[in-house]
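One letter stands for each residue in the lines below.
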Amino acid sequence: MAISTVVRIFLSGATELYKQPGKIALITGGNRGIGLRIVKKLVECEIEVILGVRNPIDSRKAVEAYLEHAKIPPGSCKLHYEQLDIGNMKSVREFAGKIRTKFDKIHLLINNAGVMSVPFKLTGEGFESHMAINYYGHFLLTHLLLPQLKAAGTAGCKARVVNVSSCVHKIGEIDYKDINKVKNYYPADAYNQSKLAQVLFAKYINLTFEEEGMPILSNSLHPGVVNTDLFEHSSTNYIPWVRALLFKNPEEGSRTVVHAAIAPKLETRGGCYLSNCREAGSHRYWNNSVQCEKLFNFTCDTLGIDDFFYKRN
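Below, the structure is looked at part by part. (Residues numbered from 1 in each chain as written. Predicted model: local features only at pLDDT ≥ 70, side-chain atom pairs only at ≥ 80, totals over all residues. Heavy atoms only, no water.)

## Digging into the pairing of strand E2 (residues 48-53)
Then comes step 1: Summarising burial for E2: six of the six residues are buried, a large majority.
Then comes step 2: Burial along E2 is two-sided: the residues Glu48, Ile50 and Gly52 and Val49, Leu51 and Val53 are all buried.
Then comes step 3: With five bridges connecting them, strand E1 (residues 24-28) and E2 associate as parallel partners. When the sheet's bridge partners are listed, Ala25 is paired in E2 with Val49. (Buried < 20%, exposed > 50% of the residue type's maximum accessible area, 1.4 Å probe, protein only. Helix = DSSP H or I, 4+ residues; strand = E, 2+ residues; numbered from the N terminus. Pairing = 2+ DSSP bridges.)

Printed below as a string of structure tokens:
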């Protein structure tokens, strides 16, 4: 076995799969990369899966082809495909409306879709692309599906929110004065900021879940540096052999995500940051409730959310 393979196996962590019939998971961007492998693992656990994707028809073809190749007949699992542009808040609201109509409960919400190091662009709603796709859309989706998560969770088996972040969040900074990076745009800084936002968001809502006694927990994680098309705008395109040699493959990258979603030992461990299927160190603000709340309130104001946790209902 090659040394690089041994190193990858050691660093990838491992997670056991548990049969969980009756549970429903929702994942954004589950039609390629690590998302495709996450879906495979979830259906192996007999979990019903909703995929929020840009193109439901093409996504269905890609997922069914992958499952057939993995010897999993598509007819043996429950999969739903709904159109979602996670970087467009109007699309997020429409998607969430459809989900609330069709499903009373969501047990697992996996905020997976993302972009990295893309050229500067503001969305039609005026948000920088990294923040819109990686953070704002998932923040809004989590808010809109909170009633389904509350309904699904119990004291002994909580619903879970999983934010797929990155280790580079540790060098990220939230620039409140220029959140869109208009004055000085550097793709890596924009990406790092969005990934830090995901981590602080997961930490803050978990604190509130605990304080309010809600049957939900939230964690964030680093899936690893994974060889997927997320790197299409990076310099590694010029030396692809480096990615094949040193990066995790998509299956390895999916492990910590699934671990965060289903591992029994995390049932009482909300508010964690995970890497290689275990708890890891995070940003200096991760344990700073003031900074977490500051970002949370800023985001609510930005998206026009008055009552994120539905406390007034």
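## Quick notes on helix H7 (residues 187-212)
Then comes step 1: With 26 residues, H7 ought to run about 38 Å at 1.5 Å a step, and its terminal C-alpha atoms sit 38 Å apart, in line with that.
Then comes step 2: Residue Gly213 follows H7 closely and has a positive phi angle near 70 degrees. (Expected span 1.5 Å × (residues − 1).)

## Focus: the packing of helix H2 (residues 33-44) against helix H3 (residues 56-69)
Then comes step 1: For the pair H2 and H3, the least separation of the axes is 11 Å and the interaxial angle reads 60 degrees. On the basis of the axis angle, H2 is oblique to H3. Pair H2 / H3 crosses with right-handed handedness. Residues Leu36, Arg37, Val39, Lys40 and Val43 of H2 pack against Ala62, Val63, Tyr66 and Leu67 of H3.
Then comes step 2: Broken down by class, the residue content of the contact of H2 with H3 amounts to seven nonpolar, no polar and two charged. (Axes fitted to C-alpha atoms, helices over the stretch in contact; angles between N-to-C directions. Parallel < 35°, antiparallel > 145°, perpendicular 65-115°, else oblique. Left-handed = near helix turned anticlockwise from the far one by under 90°. Contact = heavy atoms within 4.5 Å. Nonpolar A, V, L, I, M, F, W, Y, C, P; charged D, E, K, R; others polar.)

## So, unusual backbone geometry
Then comes step 1: In this structure, Lys181 takes a positive phi of about 60 degrees despite not being glycine.
Then comes step 2: In this structure Lys181 comes out as buried when scored by relative accessible area, which is 10%.

## Structural notes on the sheet that holds E1
Then comes step 1: Strand order in this open sheet of eight strands is E3-E2-E1-E4-E5-E6-E7-E8, and the pairing throughout is mixed. In the strand order of this sheet, the two ends are held by strand E3 (79-83) and strand E8 (278-279), each with one partner.
Then comes step 2: Here E1 runs beside strand E4 (residues 108-111); their pairing, made up of three bridges, is parallel. Bridge pairing in E4 places Ala25 opposite Leu108.
Then comes step 3: Running at roughly 145 degrees to E3, helix H4 (residues 89-102) makes contact with E1, E2 and E3 of the sheet.

## Thoughts on the pairing of E4
Consecutive side chains along a regular strand alternate between the two faces of the sheet.
Then comes step 1: Judged by which residues are buried, E4 turns out to be covered on both faces: Leu108 and Ile110 on one side and Leu109 and Asn111 on the other are all buried.
Then comes step 2: With four bridges connecting them, E4 and strand E5 (residues 159-164) associate as parallel partners. Paired with Ile110 across the two strands is Val162, which belongs to E5.

## Observations regarding the packing of aromatic side chains
Then comes step 1: The tally for this structure, following the rule as stated, stands at 15 aromatic pairs.
Then comes step 2: Consider the rings of Tyr176 and Phe298, whose centres lie 5.1 Å apart with planes at 75 degrees: the pair is edge-to-face. One end of the pair, Tyr176, is in the loop between E5 and H7; the other, Phe298, is in helix H10 (residues 289-303), and 122 residues separate them in sequence.
Then comes step 3: Taken together, the ring pairs in this structure connect Phe127, Tyr135, Tyr136, Phe139, Phe201, Tyr204, Phe209, Phe296, Phe308 and Phe309 into an aromatic cluster.
Then comes step 4: The ring of Tyr285 has Arg284 lying over it, and the distance from NZ or CZ to the ring centre is 4.7 Å. (Phe/Tyr/Trp six-rings, centres within 6.5 Å; stacked < 30°, edge-to-face > 60°. Lys NZ or Arg CZ within 6 Å of the ring centre and 35° of its normal.)

## Things to note about H3
Then comes step 1: Compared with the 20 Å implied by 1.5 Å per residue over 14 residues, the 20 Å span of H3 between its first and last C-alpha is a close match.
Then comes step 2: Those residues of H3 that sit buried are Ser59, Val63, Tyr66 and Leu67. For H3, the angular spread of the buried residues around the axis is 95 degrees, confining them to a single face. Exposed positions of H3 whose direction lies more than 90 degrees from the buried face are Ile57, Lys61, Glu68 and His69.
Then comes step 3: Buried positions along H3 lie against H2, E2 and E3.
Then comes step 4: If you check the start of H3, you find a side-chain oxygen 3.2 Å away from the backbone N of Ile57, and it comes from Asn55.
Then comes step 5: Just past H3, the residue Lys71 takes up positive phi, approximately 65 degrees. (Arc of directions from axis to C-beta. Polar contact = N/O pair within 3.5 Å; in protein donor to acceptor, adjacent residues only side chain to side chain.)

## Remarks on the side chain of Thr28
Then comes step 1: Here Thr28 is to be found in strand E1.
Then comes step 2: Within the structure, the side chain of Thr28 is placed 2.9 Å from the backbone nitrogen of Ala113, a separation counted as a polar contact.
Then comes step 3: If we ignore the near neighbours within four places in the chain, the residues touching Thr28 are Gly52, Leu84, Ile86, Ile110, Asn111, Asn112, Ala113, His138 and Leu141.

## Brief notes about the nonpolar core
Then comes step 1: Judged by nonpolar contacts, the single largest core of 54 residues is most densely connected at Leu26, Phe139, Leu141, Phe296, Phe308 and Phe309.
Then comes step 2: For this core, the elements supplying multiple residues, two or more each, are E1, H4, helix H5 (129-144), helix H6 (146-152), E5, H7 and H10.
Then comes step 3: Ranked by residue count, the leading element in this core is H5, at nine residues.
Then comes step 4: Counting 34 residues, the second-largest nonpolar core is a separate cluster that includes Ala25, Val39, Val53 and Val63. (Core = buried A, V, L, I, M, F, W, Y, C linked by side-chain atoms within 4.5 Å.)

These results come straight from atomic positions and should not be treated as a statement about function.
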